[in-house]
Amino acid sequence: MTYKTREGVVLVKVADQPLLIASRIIWGKCPQLKRLPKGSDIYWTLLSKGIDENNIIQLISLLTHKPQELIKEYFDIFLDQLIKEGYLIKVENQNSAS
Amino acid sequence: MVDYDIEKYQFLISLGNTRLSVAFHFSKTYIFFKPYIISRTEDNCTECISLQEILFEDWLKLGNETIDSYAEYNLLSITISEKLLLYNHFIIHAVAFYWHGKAWLITAPPSTGKSTQYKNLKDIYPNEISIINGDRPVLEVKEDGCIMVHPSPWNGKEGWKGAEAAPLGGIICLKQGKENKIQPLPVKDSSSRIYASIFQSFQDENIIKKVASMSTAIIKKYPIWLLTNLGDYASSKLLYKTIADWESQNK
């Protein structure tokens with residue numbers, strides 16, 4: 001499974017606080033504004049570049065010197081919440097479908 | 001499809017320290033902008049701002065039945081705010097009042113008590129407080145980061161206007177509650193509140209980002225409080241005491 005950021009969602013920072021802003025074309029598909037926990041915008045940025053879940057976990061683990069299990073735990077919560085609210089879209093992997 | 005006049009009515013207007021050419025669809029819209037009109041502009045003005053039809057559609061979705069000059073006047077605050085952003089100006093949803101040489105903003109979602117707080121302050125301190133703008137003042141971020149608060153044509157349903165532009169002192173965000181309490185608003189909370197108060201149409205990624213940088217300019221330099229309140233005189237006295245204490249400590 002991979003995850004895609006919804007087109008039309010813009011990540012901004014206000015005084016270092018990350019916010020997701022839904023542009024007009026996707027109103028109704030996700031809330032207009034969401035405050036992200038500070039520091040978690042890195043997940044959004046990597047997802048928007050098309051990097052898959054496992055690579056993101058490895059990369060963040062390397063950057064933060066924290067175990068991958070811990071990063072995965074946090075990342076799963078992040079993914080669940082943003083999928084539920086419509087900011088992220090689940091994409092079936094072609095490999096896993098076959 | 002909106003049925004408006006075919007001829008456009010073009011004017012040069014002044015807001016804050018910026019001049020803009022605006023083309024109105026309705027012949028009577030200019031009346032709302034009268035104090036801000038400098039002149040009528042040439043025909044075929046290519047740089048003119050005019051309202052996008054998509055915003056008229058929003059107006060109807062809000063339950064309004066007609067599209068007229070009043071709708072155009074109201075919705076132009078969005079289009080004009082976006083144009084002003086190019087010049088580090090923007091329009092914010094707030095009551096702006098003048099007190100001791102500075103402008104203070106009371107901001108909140110609609111019908112949360114902004115007007116009540118201003119009325120209370122004016123009742124209690126009639127000689128100290130005056131109104132700059134009752135609904136949508138223009139803010140200007142200067143090169144040194146200081147912000148000026150200017151009057152605008154959007155004075156709110158009470159038509160509150162009068163005092164001249166003044167440097168921003170601080171912002172009070174309102175929340176209705178069962179007790180009166182005021183506290184500094186942490187950045188994590190003020191970021192979304194200030195961002196959401198600035199007028200924009202959410203169509204252009206660059207504008208969405210520019211609004212973030214303007215919000216940052218406010219939050220990094222000015223105090224922001226959250227006033228949980230009952231809307232009574234005691235809450236307004238608490239507001240007054242808070243800004244008075246701030247001013248005496250930061251002179």
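Cut-offs applied
Residue numbering note: each chain is counted from 1, following its sequence as written. Chain labels run from A onward and ligand labels from 1 onward, assigned in the order the entries are written. The predicted origin of the model limits local features to residues at a pLDDT of at least 70 and limits the giving and counting of side-chain atom pairs to 80 or more, whereas totals for whole chains, interfaces and linings rest on all residues. Side-chain numbers here rest on the full set of heavy atoms in the structure, without hydrogens or water. Think of a 1 Å grid over the protein atoms and nothing else: a 1.4 Å probe that fits but is trapped marks a cavity, an open set flanked by protein within 12 Å on at least five of seven lines marks a pocket, and residues with an atom within 4 Å of a point count as lining. Grid points are joined across faces, edges and corners, and a volume is the space filled by probe spheres set on the points. A run of H or I in DSSP counts as a helix once it spans at least four residues, and a run of E counts as a strand once it spans at least two, with each numbered from the N terminus. The nonpolar class holds Ala, Val, Leu, Ile, Met, Phe, Trp, Tyr, Cys and Pro. Asp, Glu, Lys and Arg form the charged class, and all remaining residues, Gly among them, are polar. Expected helix span is computed as 1.5 Å times (number of residues minus one). A simple rule labels every residue: compare its accessible area, found with a 1.4 Å probe on the protein chains alone, to the largest value its type can have, and call it buried under 20%, exposed over 50%, or partly exposed in between. Regarding the arc, it is the one traced by the directions from the helix axis to the C-beta atoms. Any two residues whose heavy atoms approach within 4.5 Å are treated as being in contact. Working convention for charge: Lys and Arg count positive, Asp and Glu count negative, and His plus the chain ends are omitted. Salt bridge, as applied in this entry: a Lys or Arg side-chain nitrogen positioned within 4 Å of an Asp or Glu carboxyl oxygen. Counting of polar contacts relies on pairs of N or O atoms within 3.5 Å, with two restrictions inside protein: one atom must be capable of donating a hydrogen and the other of accepting it, and residues adjacent in sequence are counted only when both atoms are side-chain atoms. Throughout this description, the term nonpolar core refers to a set of buried Ala, Val, Leu, Ile, Met, Phe, Trp, Tyr and Cys residues connected via side-chain atoms within 4.5 Å. When DSSP finds at least two bridges between two strands, those strands are taken to pair. Inter-axis angles, ranging from 0 to 180 degrees, are taken between N-to-C directions of lines fitted to C-alpha atoms, where helices are fitted over the stretch in contact.

Undergrad: Please clarify how the layout of surface pockets should be interpreted in this entry.
TA: Empty space among the atoms becomes apparent when a probe as large as a water molecule is rolled across them. Residue and element names in this part refer to chain B. Here the largest pocket is characterised by a volume of approximately 1,500 Å³. Together, 48 residues line the largest pocket, and Leu62, His93, Pro110, Arg136 and Phe199 are the ones closest to its centre. Looking at which element gives the most residues to the lining of the largest pocket, the answer is helix 3 (residues 69–84), with six residues. For the lining of the largest pocket, the per-class residue count stands at 21 nonpolar, 17 polar and ten charged.

Undergrad: Would you mind going over helix 3 (residues 68–85) of chain A with me for this structure?
TA: Every α-helical turn comprises 3.6 residues, leaving residues that sit three or four positions apart pointing alike. Residues and elements named next belong to chain A. Taking 1.5 Å per residue as the helical rise, helix 3 with its 18 residues ought to reach 26 Å, and the 25 Å between its terminal C-alpha atoms agrees with that figure. Among all positions of helix 3, only Ile71, Phe75, Phe78, Leu79 and Leu82 are buried. Along the axis of helix 3, the buried residues cluster in a sector spanning 100°; they form a single face. Residues Glu69, Glu73, Ile77 and Lys84 are exposed on helix 3 and point more than 90 degrees away from its buried face. If you follow the buried residues of helix 3, they end up packed against strand 1 (2–5), strand 3 (17–22), strand 4 (33–35), helix 1 (41–48), helix 2 (53–64) and strand 5 (88–91). Just downstream of helix 3, glycine 86 is the residue with a positive phi angle, here 95°.

Undergrad: Is there a simple way to explain the side chain of B:Glu82 in this structure?
TA: Tracing the backbone through its elements, the reader meets B:Glu82 in helix 3. Nearest to the buried, unbridged B:Glu82 among oppositely charged side chains is A:Arg24, at 7.5 Å. A distance of 2.5 Å separates a polar atom in the side chain of B:Glu82 from the backbone nitrogen of B:Ser201. Look past the residues within four positions of B:Glu82 in its chain and what remains in contact with it is B:Gln200, B:Ser201, B:Phe202 and B:Ile207.

Undergrad: Whenever I open this one, the nonpolar core confuses me. Can you help?
TA: One broad trend across soluble globular proteins is that nonpolar side chains are buried collectively. All names here are of chain B. In terms of nonpolar packing, the biggest core is built from 39 residues, with Phe90, Leu105, Tyr195 and Ile218 touching the most fellow members. What phenylalanine 90 contacts, discounting residues up to four positions off in sequence, is Ser81, Leu84, Leu85, Pro137, Val138, Leu139, Val141, Ile198, Met214 and Ile218. Membership of the second largest hydrophobic core comes to 27 residues, among which are Phe11, Phe33, Trp59 and Leu76.

Undergrad: I would appreciate a short explanation of the pattern of salt bridges in the present structure.
TA: A side chain with one charge can pair with a side chain of the opposite charge if their charged atoms come near. Under the defined criterion, the tally for this structure stands at eleven salt bridges over all chains. A salt bridge links B:Lys102 to B:Glu247; its shortest N-O distance comes to 3.2 Å. With a gap of 145 residues between them, B:Lys102 in strand 6 (residues 102–107) and B:Glu247 in helix 7 (residues 233–249) connect regions that are remote in the sequence. The class for B:Lys102 is partly exposed, based on a relative accessible area of 26%. For B:Lys209, the salt bridge identified is with B:Glu205, shortest N-O distance 3.0 Å. Linking B:Lys209 with B:Glu205, this pair stays in helix 6 (residues 205–221), spanning four residues, or about one helical turn. Judged by relative accessible area, which is 44%, B:Glu205 ranks as partly exposed. It is possible to trace a salt-bridge network through shared partners that takes in A:Arg35, B:Lys188 and B:Asp189.

Undergrad: Got a minute to help me understand the sheet that holds strand 2 (residues 18–24) of chain B in this structure?
TA: Sheets are built from strands paired through backbone hydrogen bonds, the pairs being either parallel or antiparallel. Residue and element names in this part refer to chain B. Taken in spatial order, the three strands line up as 2-1-3 in an open sheet, and their pairing is antiparallel. Edge positions in the sheet fall to strand 2 and strand 3 (37–40), since each has one partner strand and no second. If you compare each strand with its neighbour and ignore which way they point, the axes differ by 25° on average. Running at roughly 140° to strand 2, helix 3 makes contact with strand 1 (9–15) and strand 2 of the sheet.

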